[in-house]
Amino acid sequence: MASTSKKKPRDRRAWFQAASALAMNAWLPGWLKGRIFQGNIKGVCVPALNCYSCPSALGACPVGALQTSFGGLRFNLSVGQKKFGLYVIGLLGVVGAAVGRLPCGWICPFGYFQELVHKIPSPKLRMPSFFSYFRYVFLAVFVVALPLLVVDEFGFGQTWFCKWICPAGTLEAGLPLVALNSGLRALVGFMYYWKVALLVLFLVAMVLIRRPFCRAVCPLGAILGLFNKASLFRMAVDDEKCVRCDECLKDCPVGIRIYESADTPDCIRCLKCVSSCKYGAVSYSFLKKREVAEDLRAAA
Amino acid sequence: MKRKLPWIMLVLFGGLMAAGLLLGEYKVVLEKAVMVCLDCIGIG
């Protein structure tokens, strides 16, 4: 059992999120030079939404890499190159099959950012649950269909989600690079202002609503969430212990009732519900080993 | 079957990832990632 002075699990998660954000963005000279990291490890996709044009990013964003793969598919096929995006699809599948959407709750810098912004005091709103279906629309249309179908004369598609939607790109790359690089500043036009306006809109939503981007827009969350019901990491609720007091809902960063569906695609597996449940009804398992997480409950 | 499904998926997707790496897709991602993505920053 944990002592009462032990740090609360939510604090541990926050530290983990901060450390992960820093680890993914550890090339700090980029912020001084206004240039991005160009080392050979940049081709490694991180299982989180972290723009590869962030000045300090060490890895590649899987959503951007996926769009690039789909956007180049028709050209590659026309010239006989066998490049189908298997590396990115396979990597996301491996992460999803192992832990489902757990990276959203523990390592995604943009998810962490949304949780921090949501701490700003304000009236808080609930997002209607049907909004969660929109992220599949963004995935199907902006990440898959448009890059594949709308191509230039050479057969190249664009990264539509990055270009028109992604507020993480604007926050992590657009604002700092334009501020630091005078050459890029000279190219600013309508698209830039559109993306900044969209970022402002999301920022307002983040203050009012818990993780709105993750729940309604994020294509990576949509992909990893599909694995929640069949991954090695699983959540479970003991119906005999659960009294439906909704303490878990109060703490949940994505506003779900875990007892309605323990492995719902909306769950980011932050484990706050495990710590907030006074009755020990919520548990998780990995590789068949079930953990009620005594220390988590004791600390909550 | 339900218990085996995650392992089957791990092997399947691990195989896809390995195939992608063998086909040189790491280089495709790397080439994109080391260039400033003008689309991402709203200048594309």
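Just above, that's the structure.
Looking now at the nonpolar core. Counting 100 residues, the largest nonpolar core has Leu49, Val88, Phe161 and Ile258 of chain A together with Val29 of chain B as its most contacted members. Sort the elements by how many residues they give to this core and helix 4 (residues 86-99) of chain A lands first, with eleven residues.

Residues and elements named next belong to chain A. Put simply, helix 6 (residues 109-118) and helix 11 (residues 190-208) touch, their axes get as near as 7 Å, and they point 65° apart. When you trace helix 6 past helix 11, the crossing you get is right-handed. Listed contacts from helix 11 to Gln114, Val117 and His118 of helix 6 are Leu203, Met206 and Val207. The class makeup of the residues in the contact of helix 6 with helix 11 is four nonpolar, two polar and no charged.

Further remarks concern helix 1 (residues 5-22) of chain B. An ideal rise of 1.5 Å per residue puts 26 Å on 18 residues; helix 1 of chain B measures up with 25 Å between its terminal C-alpha atoms. Each element contacted by the buried residues of helix 1 of chain B is listed here: helix 4 of chain A together with helix 2 (25-33) of chain B. The positive-phi residue at the C-terminal boundary of helix 1 of chain B is Gly24 of chain B, with phi of around 85°.

As a further point, take unusual backbone geometry. Residue and element names in this part refer to chain A. The phi torsion at Arg244 lies on the positive side, around 55°, for a residue other than glycine. Along the chain, the position of Arg244 falls in the loop between strand 1 (233-237) and helix 14 (247-251). A count of 13 C-beta atoms within 10 Å places Arg244 in the partly exposed class. The phi dihedral of Arg269 is positive, around 55°, even though this residue is not glycine. Here Arg269 is to be found in the loop between helix 14 and helix 15 (272-276).

Rules behind the numbers
- Residues numbered from 1 in each chain as written.
- Chains lettered and ligands numbered in written order.
- Predicted model: local features only at pLDDT ≥ 70, side-chain atom pairs only at ≥ 80, totals over all residues.
- Core = buried A, V, L, I, M, F, W, Y, C linked by C-beta atoms within 7 Å.
- Buried ≥ 20, exposed ≤ 12 C-beta atoms within 10 Å, placed from the backbone.
- Helix = DSSP H or I, 4+ residues; strand = E, 2+ residues; numbered from the N terminus.
- Axes fitted to C-alpha atoms, helices over the stretch in contact; angles between N-to-C directions.
- Left-handed = near helix turned anticlockwise from the far one by under 90°.
- Contact = placed C-beta atoms within 7 Å.
- Nonpolar A, V, L, I, M, F, W, Y, C, P; charged D, E, K, R; others polar.
- Expected span 1.5 Å × (residues − 1).

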